[in-house]
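The chain contents come next:
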Amino acid sequence: MMKKNNKKKKVISILLSEDVQHLGKRNSVSKVKPGYASNFLVPKKKAVYANEEILLQFNIKKEEEILRLKEIKEKAYNLKKEIEKVSIFEVKKRLKDNEKTFSKVTKKQIISVVLKTINEKSTDLNLIDIIHLPEIRKKDDYNISLKLHKEIEAAIVVRIIPE
């Protein structure tokens, strides 16, 4: 008859400094065997031992990050309200025969017109994205969706007018 191994497996807690495949994402707490932590994770600076002080610092940083993300989302929501107050955004372009543009309208041009129209100077152009930009090459109205945050979008109408 075989003896059962009743030894309790020893594990320790670590805080990951970067993403580790099959273990977890950056800034997450994982339980691993002591040898794996001391021979691989800690020497390669992929993790640190999770003692009370480190976990306390981690929780404070996590709360600060949650507040920062909440502020960004709130700012995006307020920006959406401001954008939706304006019905049509006008982009001035030089036109051939008063119909077609010499060059197409870019995302950057549209975003800068939107921000200029609502007098928003603090928003970075790179924070706003256009979900689908049709090729804008003639004098017309175009429906465009702006992505202000991963959860917040705003629909606008862009009108091309002559310079």
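Presented here is an overview of the structure given in this document.

Analysis parameters
- Residues numbered from 1 in each chain as written.
- Predicted model: local features only at pLDDT ≥ 70, side-chain atom pairs only at ≥ 80, totals over all residues.
- Heavy atoms only, no water.
- Helix = DSSP H or I, 4+ residues; strand = E, 2+ residues; numbered from the N terminus.
- Contact = heavy atoms within 4.5 Å.
- Polar contact = N/O pair within 3.5 Å; in protein donor to acceptor, adjacent residues only side chain to side chain.
- Salt bridge = Lys/Arg side-chain N within 4 Å of Asp/Glu carboxyl O.
- Buried < 20%, exposed > 50% of the residue type's maximum accessible area, 1.4 Å probe, protein only.
- Pairing = 2+ DSSP bridges.
- Phe/Tyr/Trp six-rings, centres within 6.5 Å; stacked < 30°, edge-to-face > 60°.
- 1 Å grid on protein atoms, 1.4 Å probe; cavity = no way out; pocket = protein on both sides within 12 Å on 5 of 7 lines; lining within 4 Å.
- Points joined across faces, edges and corners; volume = space filled by probe spheres on them.
- Nonpolar A, V, L, I, M, F, W, Y, C, P; charged D, E, K, R; others polar.

Of note, Glu135 is situated in the loop between strand 7 (129-130) and strand 8 (141-149). Between the alpha carbons of Glu135 and Glu151 there is a distance of 25 Å; along the sequence they are 16 residues apart. Setting aside its immediate chain neighbours within four residues, Glu135 contacts Lys104 and Tyr142. At 3.0 Å, the side chain of Glu135 and the side chain of Arg137 are in polar contact.

Side chains carrying opposite charge are able to pair once their charged atoms draw close together. For the structure on display, the rule yields eight salt bridges. Put simply, Lys46 and Glu18 hold a salt bridge, and the shortest N to O gap is 3.1 Å. A residue pair is termed long-range when its members are at least 10 positions apart, and Lys46 in the loop between helix 1 (34-41) and strand 3 (47-49) and Glu18 in the loop between strand 1 (12-16) and strand 2 (29-32) qualify at 28 residues. Judged by relative accessible area, Glu18 falls into the partly exposed class, the value being 33%. Residues Lys85 and Glu82 are paired through a salt bridge, measuring 3.2 Å at the closest nitrogen-oxygen approach. Here Glu82 and Lys85 lie together in helix 2 (residues 52-85), a separation of three residues that amounts to about one turn.

Turning to the side chain of His149, a few remarks are in order. Within the fold, His149 resides in strand 8. Beyond its immediate sequence surroundings of up to four residues, His149 is in contact with Ile72, Lys73 and Ala76.

Turning next to the pairing of strand 4 (residues 88-93). Burial along strand 4 is one-sided: Phe89, Val91 and Lys93 are buried, while Ile88, Glu90 and Lys92, pointing the other way, are not. As judged from the six bridges shared by strand 4 and strand 9 (residues 152-162), these two strands associate in the parallel manner. By the bridge assignment for strand 9, Glu90 is matched with Arg159.

Right, let's get into the packing of aromatic side chains. Overall, the coordinates contain one aromatic pair when judged by the stated rule. Each ring, one from Tyr36 and one from Phe40, has its centre 5.7 Å from the other, and the planes form 10 degrees; the classification is stacked. Within this pair, Tyr36 and its partner Phe40 are both found in helix 1, separated by four residues, close to a single helical turn.

Bringing the layout of surface pockets into the picture now. If a probe the size of a water molecule is rolled over the atoms, the empty space left behind becomes visible. Put simply, the largest pocket is a space of about 340 Å³. Of all elements in the fold, only helix 2 and strand 8 reach the threshold of two or more residues within the lining of the largest pocket. Per-element tally for the lining of the largest pocket: the top contributor is helix 2, with seven residues. Split by residue class, the lining of the largest pocket holds seven nonpolar, two polar and five charged. Lining the second largest pocket we find Leu15, Leu16, Ser17, Arg26, Asn27, Val48, Ile54, Gln57, Phe58, Lys61 and Lys62. Only strand 1 and helix 2 provide two or more residues apiece to the lining of the second largest pocket. Counting residues per element, the lining of the second largest pocket draws most heavily on helix 2, at five residues. Considered class by class, the residues forming the lining of the second largest pocket number five nonpolar, three polar and three charged.

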